[in-house]
Amino acid sequence: MSLLLDKTMKEKIYFFRTTLLRWAKENLRDFPWRRTSDTYKVLITEKLLQQTDFGHVRKVWEEFFRRFPNVEELAKATEDEISAILRPLGLWRQRAKQLKKFAEAVLARYNGEIPCDYSKLVKLPGIGDYAARAMLIFACNEPTYLLDVNTRKLVKRFFFYPKDVKDKTIASILVLATPEDPGECKIFNWGMIDFSALICTRRPKCGKCPLKEKCSYYLYHA
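Predicted model, so just to flag it, every value in this text is computed and none were measured.

K.L.:
How would you summarise helix H5 (residues 79-86) if you had to cite specific residues and measurements?
P.N.:
Those residues of H5 that fall on the buried side of the exposure criterion are Ile82, Ser83, Ile85 and Leu86. An end-on view of H5 places all buried positions within 165° of arc, on one side of the element. Turned more than 90 degrees away from the buried face of H5, the exposed residues are Asp80 and Ala84. The secondary structure elements touched by the buried residues of H5 are helix H2 (39-49), helix H3 (54-67), helix H4 (71-76) and helix H6 (92-110).

K.L.:
Can you break down the nonpolar core residue by residue, with the values?
P.N.:
Inside soluble globular proteins, nonpolar side chains tend to come together where they are buried. Core analysis: the largest hydrophobic core is formed by 44 residues, its most contacted members being Tyr40, Ile44, Phe64, Leu74, Ile82, Ile114 and Leu121. Listed by contribution, the elements that provide at least two residues to this core are H2, H3, H4, H5, H6, helix H8 (129-138) and helix H11 (182-198). The dominant element in this core, judged by the number of residues it contributes, is H8, at seven residues. Those residues in contact with phenylalanine 64 that sit more than four places away from it in its chain are Tyr40, Ile44, Leu74, Ile82, Ile85, Leu86 and Leu99. With 31 residues, the next largest nonpolar core counts Phe159, Val165, Ile199 and Cys215 among its residues.

K.L.:
An account of the side chain of serine 83 is needed here, citing residue identities and associated values.
P.N.:
Considering the arrangement of structural elements, one finds serine 83 in helix H5. Note on serine 83: relative accessible area 4%, which makes it buried. Among all residues touching serine 83, those that are not within four sequence positions of it are Trp92, Arg93 and Ala96.

K.L.:
So what's going on with the state of the cysteines? Residues and values would help.
P.N.:
Evaluated as defined, the whole model comprises one disulfide. Here cysteine 116 pairs with cysteine 140 through a disulfide, and the sulfurs are 2.0 Å apart. Between cysteine 116 and cysteine 140 the disulfide shows an S-S torsion of about -80°. By sign, it is left-handed. Remark: cysteine 140 occurs in the loop between H8 and helix H9 (149-160) and cysteine 116 occurs in the loop between H6 and helix H7 (118-121); sequence separation between them is 24 residues. Cysteine 116 sits in the partly exposed class, given a relative accessible area of 34%. Summary of cysteine pairing: cysteine 206 is not part of a disulfide, and the nearest cysteine sulfur, belonging to cysteine 209, is at 6.3 Å. Cysteine 209 supplies the cysteine sulfur nearest to cysteine 215, a cysteine that is in no disulfide, at a spacing of 6.0 Å. A relative accessible area of 11% places cysteine 215 in the buried class.

What counts, and where the lines are drawn
- Residues numbered from 1 in each chain as written.
- Predicted model: local features only at pLDDT ≥ 70, side-chain atom pairs only at ≥ 80, totals over all residues.
- Heavy atoms only, no water.
- Buried < 20%, exposed > 50% of the residue type's maximum accessible area, 1.4 Å probe, protein only.
- Helix = DSSP H or I, 4+ residues; strand = E, 2+ residues; numbered from the N terminus.
- Arc of directions from axis to C-beta.
- Contact = heavy atoms within 4.5 Å.
- Core = buried A, V, L, I, M, F, W, Y, C linked by side-chain atoms within 4.5 Å.
- Disulfide = S-S within 2.5 Å.

As structure tokens, then:
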């Protein structure tokens, strides 16, 4: 991915990274899945978080991993057994079917060990780009960027508003903004998720935003 950078853009990227890191270190939300680097728990959690909110996942998280503590137990379970725990999340039958296929594939291909390899992860049933990258960051200590509705919104508003830009351009910015240190990469990506949920919301709380002095969205509406 190539992106022509002038001095102003380089300064904005640096400001974006350092300011979000500073904010994140003081304001990150606490969730049980952020206290583990277990590959199985991290990747399954990313699947559980799809198309639902944090609160619903929190309700089932501990029970799910008590009942299915590893890939082997999940693969052995019936879809009905998995569905029973996932019911609060919605789409429980679809989720159960996908999780069982995923577990069976990991057992068959990798003897139950989830690989820290992007190309292998995205070939597993139900694992897309976002879940694979999240796994690398939060379980494998391999820095990379995350592109989803949250990071897309932040980059569009801060760097490009009111222009519309493609995901390739957004990813190019994220590649440059994401810290190379594994620990800071985790904090930065959690920070982007939480900043989107708490500050840069649908109706952004610009008055509380530490990014506003260089934010294209704020300056456009000022």
